[in-house]
Amino acid sequence: MKTSITARAHTNIALIKYWGKRDQRLFLPTNSSLSLTLNEFYTDTRTTFLEDEESDLFFLNGVKQSDAELKKVQRFLNLFREQAGIEQPIQIESHNHVPTAAGLASSASAYAALGLSLNHLLGLNMPLGQLSTFVRQGSGSATRSLFGGFVEWDMGTDSESSQAIPIDDASWDIAMITVPVNTKQKTLSSREGMQRTVETSAFYPAWIESAKSDLIAIKEAIKDKDFIRMGEITEANGMKMHGTMLGAIPPFSYWEPLTVSVLNRVREIRESYGLPCYFTMDAGPNVKVLCRYSDSQKIKELLDDCFPTTPSIISTVGPGAHLLEENTKGWLP
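Everything numeric here is computed off the predicted structure, so don't read it as measured data. (Residues numbered from 1 in each chain as written. Predicted model: local features only at pLDDT ≥ 70, side-chain atom pairs only at ≥ 80, totals over all residues. Heavy atoms only, no water.)

With the rule as written, the count across this model stands at seven aromatic pairs. Taking the centre distance of 4.9 Å and the plane angle of 75° together, the rings of F76 and Y111 count as edge-to-face. On the criterion of sequence distance, the pair formed by F76 in helix 1 (residues 67-84) and Y111 in helix 2 (residues 106-121) is long-range, its members being 35 residues apart. Ring centres of F150 and W172 lie 5.9 Å apart, and the angle between their planes is 45°; on these two criteria the pair is classed as tilted. With F150 in strand 8 (residues 150-153) and W172 in the loop between strand 9 (164-168) and strand 10 (174-179), this pair connects stretches of sequence that are 22 residues apart. Exposure remark for F150: the relative accessible area of 0% places this residue in the buried category. An aromatic cluster of three or more residues is present, and its members are F76, F80, Y111 and F134. The ring of F27 is capped by K21, whose NZ or CZ atom sits 4.8 Å from the centre of that ring. (Phe/Tyr/Trp six-rings, centres within 6.5 Å; stacked < 30°, edge-to-face > 60°. Helix = DSSP H or I, 4+ residues; strand = E, 2+ residues; numbered from the N terminus. Buried < 20%, exposed > 50% of the residue type's maximum accessible area, 1.4 Å probe, protein only. Lys NZ or Arg CZ within 6 Å of the ring centre and 35° of its normal.)

Dropping the structure here:
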């Protein structure tokens, strides 16, 4: 076994949303979901065996994390150590090239990178499908960040079958633009918001049924490379997810006034300029715009003209999680 392994994983944005768990411990979802992996945002993580320490260490963006933060990741570490039959302490060094806890899927790339690194550090060498059932238990969305392009997370019937499946490499003129309305940490975490919605929202049962039909429809659109249909389904599904939050007790929303302005601008670009583009949002105020890559620069300009203080970011399709060369200088800033 090597003593140190570095991995990179990219964020993904769900087109058919994951919103709700049927098992809090195993992170089994209430519905299957589908995402697009993005090249622009990613996490680099190095794991290293510790020889002279009695406990694990965790550094995020160069800062040693508190015992409370370390404890959050140790349950995840122990999943891999138990699988390998190894108890040796491990140091984690992780750098997010994406704002943390701001609704930009930082936890997805973080746990996917950590999981891939541990998989090789501990000599497990699980295939990616099996590995996705492990990283799911750190962050549900991390399941999908192990693969590039369009990825389905099949809800499955148990822990072993709830895993990610690559659907399409999205190499047909696909891009996504992010408008970073607010990249500060959210006051209500995704996990808390999700649980409140599942437990109290009167709209939630309808969401589950709707998500099932949306998934079938968008997979057919992707198979046919029907961008317009895919975009329409994406936009509708995202708004339905946010609608379930308004039915929770107490109701809540991640939107900000600027969020609404951006959504209106996307509609205007689509309707007045004839540029197909469709918005979606995860649990946060930031807006993502699905578009054709060939249209992305023009759409970015039209967005930035209206919102010059929040310049948008074009992302192409991201690759699957992968190892980086060991001891490569500059793998972390």
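Below, the discussion takes up helix 5 (residues 190-200). Buried residues of helix 5: G193, M194 and T197, and no others. Looking straight down helix 5, one finds that the buried residues subtend no more than 100° of arc, so they occupy a single side. Buried residues in helix 5 make contact with strand 2 (21-23), helix 6 (204-223) and helix 7 (227-246). (Arc of directions from axis to C-beta. Contact = heavy atoms within 4.5 Å.)

Our focus in this paragraph is helix 9 (residues 293-306). The terminal C-alpha atoms of helix 9 lie 21 Å apart, and with 14 residues this matches the ideal 20 Å at 1.5 Å per residue to within 8%. Those residues of helix 9 not exposed but buried are D295, S296, I299, K300, L302, L303 and D304. Along its buried surface, helix 9 packs onto strand 10, helix 8 (257-272), strand 11 (277-280), strand 12 (287-292) and strand 13 (313-315). (Expected span 1.5 Å × (residues − 1).)

Looking at the element boundaries, S132 is found in helix 3 (residues 128-135). Filtering out sequence-adjacent residues up to four positions away, S132 remains in contact with T143, L146, Q163 and A164.

Mapped onto this structure's residue numbering, the UniProt feature "domain: Mvd1 C-terminal" (unreviewed entry) falls at residues 178-312. Regarding residues 178-312, the helix share stands at 60% and the strand share at 9%, and the terminal C-alpha atoms are separated by 5 Å. (UniProt positions renumbered as here; feature names shortened; annotations may be inferred.)

What the rule picks out here adds up to twelve salt bridges. The partner of E209 in a salt bridge is K212, and the shortest N-O contact between them spans 3.4 Å. Linking E209 with K212, this pair stays in helix 6, spanning three residues, or about one helical turn. Close ionic contact of E268 with R265 constitutes a salt bridge, the shortest N to O distance being 2.9 Å. Separated by three residues within a single helix, E268 and R265 lie in helix 8, roughly one turn from each other. On the accessibility criterion, R265 (8% relative accessible area) is buried. (Salt bridge = Lys/Arg side-chain N within 4 Å of Asp/Glu carboxyl O.)

To continue, consider the domain arrangement of the protein chain. Here the domain parsing of the protein chain yields domain 1 (4-170) and domain 2 (175-315). Put simply, the middle of domain 1 and the middle of domain 2, counted by C-alpha atoms, are 23 Å apart. With 33 residues of domain 1 at the contact, the number on the domain 2 side is 46 residues. Together domain 1 and domain 2 conceal approximately 3100 Å² of surface at their shared face, both sides included; 68% is due to carbon and sulfur atoms. There are two salt bridges connecting domain 1 and domain 2. Ionic pairing is found between D282 and K17, a salt bridge with its closest N-O pair at 2.6 Å. Put simply, domain 1 and domain 2 have twelve residue pairs in polar contact (both at pLDDT 80 or more) between them. (Domains from an automatic or database assignment. Buried area = accessible area lost by both parts, 1.4 Å probe. Polar contact = N/O pair within 3.5 Å; in protein donor to acceptor, adjacent residues only side chain to side chain.)

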